[in-house]
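# Fold and contact review
Next come the chains, spelled out residue by residue.
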Amino acid sequence: MKYDLYLLKSHLPEYLRAIGCELNFKHDTTFTTACPIHRGEKQNFHATQKPDGVWVWHCFSGCGGDGGTVIDLHSRLNGVDAKTSDCIKGAAEVTGISPIEETGPKPRNHHREEKAKSGIRWSGELIKGTEQTWKAFAQKRKLSFPAIHAAVHGGILRFLRVEGKQCFAVTDETHRAGEVRRIDGKEFYCGKVYGLPGVDKSWLPGAALLRETKLEKSVLICEGSTDFLAAFDAYSKYRRADGEQSWLPLAALGASCKHLHPDIIKHLKGRTVRIAPDGDEAGEKMGNHWGEMLSSMGCLAEVLEMPKGRDLRDMLESGELKPEELYS
Ligand SMILES: [Zn+2]
């Protein structure tokens, strides 16, 4: 059995919580806890998340817990050699990470996935891909690897073949809405976006993650999957640069979406919601309509205005809009 080591190493907090540790976060990227190795009471165990997402720890009590990743911690706690596959498997099991399956992703939650069977009829098998897939995708689309990794892990980015071409899909685990485009940026016979039967446009891909987030988390609604991935990338950069605000980007599939799914309304109420439509006539209409709709739902709605003929991705790629401005 193979495990995604990068994924495992980015889940130290989950591992510690699973063994009963209480974590005291100073920022999103540092926390302390009572050392589970020497079972002390003081907050001697310090952990930091590196820019690539991997967590490293160190115990300052001198207990001999001289640090490393979650795998080294599992090794120390269980007396198994950190270099063995048993140690990796053990750490993954405690954390709740499944082995990599080449034949497609195992749903993290069977119940949710079953409910979704009435949703989109995908035209190919959706796969999670491997580290190689993600690296190539990040490079081709000029996006950062940690952002892509987070998107795949969050279930909002998947890969598939359509018309014999390599494609990516932006969706979420509800499979209510999604958009498929070619990785090389070229068009299908039917246009840039592959038409999928069963898409519910009142659902915003990414919104499945709303259920797990606190009310303090604000929401950025982008127009289409390309802007969405750019926004996701910018958010990852913002957080790695110590940005303190907490945001969740979501994708609206086209400026003409007029209604929101009741499950989304329920989770958006009371949040700050920023809308980033394209700088064109359809975008302006979308901004006005969504601004009013979200305000009437009890959200603090803000509409960002893009210059004429530009969209969010253009503005982020050219550096005219900085991640810290978008997520201020
Ligand atoms: Zn210790």
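Please refer to the structure placed before this passage.
The notes below deal with the structure included here. Only a predicted model underlies this, so the values are computations on that prediction, with no experimental measurement involved.

### Things to note about the sheet that holds strand β1 (residues 24-27)
Each strand in a sheet pairs with its neighbour through backbone hydrogen bonds, running either in the same direction (parallel) or in the opposite one (antiparallel). Read across the open sheet, the four strands follow the order β1-β2-β3-β4; overall the sheet is antiparallel. The open sheet has two free edges, formed respectively by β1 and β4 (55-59), since each of these has just one partner strand. With direction set aside, neighbouring strand axes in the sheet form an average angle of 20 degrees.

### Digging into the pairing of strand β11 (residues 300-303)
Looking along a regular strand, one sees the side chains alternate between the two faces of the sheet. With burial as the criterion, only one face of β11 is covered, namely that bearing A301 and V303; the residues L300 and E302 on the opposite face remain uncovered. Pairing analysis gives four bridges linking strand β10 (residues 272-276) to β11, with the strands arranged parallel. Bridged to T272 within β11 is L300. Tracing the backbone out of β10, into helix α10 (residues 281-296) and back to the parallel element β11 gives a crossover that is right-handed.

### Some words on the nonpolar core
General note: in soluble globular proteins, nonpolar side chains tend to be found buried as a group. Counting 61 residues, the largest nonpolar core has L204, I221, C222 and A231 as its most contacted members. Ranked by residues supplied to this core, first place goes to helix α8 (residues 224-240) with eight residues. Counting 18 residues, the second largest nonpolar core, distinct from the first, contains F31, C59, L73 and I88.

### Observations regarding the environment of E302
Within the element layout of this structure, E302 appears in strand β11. Judged by the 16 C-beta atoms lying within 10 Å of it, E302 is partly exposed. Measuring from C-alpha to C-alpha, the distance between E302 and G291 comes to 6.6 Å, with 11 residues separating the pair along the chain.

Thresholds, definitions, all that
Residue numbers restart at each chain and count upward from 1, following the sequence in its written direction. Only residues with pLDDT of 70 or above have their local features reported here, since the model is predicted, and side-chain atom pairs are shown and tallied only from 80 upward, although totals for entire chains, interfaces and linings are computed over all residues. Criterion used throughout: strands pair if DSSP finds at least two bridges between them. In DSSP terms, a helix is any run of H or I states spanning at least four residues, a strand is any run of E spanning at least two, and both are numbered starting from the N terminus. Simply put, an axis is a line fit to the C-alpha atoms, just over the touching stretch for a helix, and the angle between two N-to-C directions goes from 0 to 180 degrees. Exposed residues have 12 or fewer other C-beta atoms within 10 Å of their own C-beta, buried residues have 20 or more, and partly exposed residues fall in between, where C-beta atoms are placed from the backbone. If the strands point away from the viewer and the path from the first strand over the helix to the second runs clockwise, then the crossover is right-handed. Connectivity within a nonpolar core runs through C-beta atoms within 7 Å, and the core itself is a set of buried Ala, Val, Leu, Ile, Met, Phe, Trp, Tyr and Cys residues.

In short, shape yes, function no, at least from these values alone.
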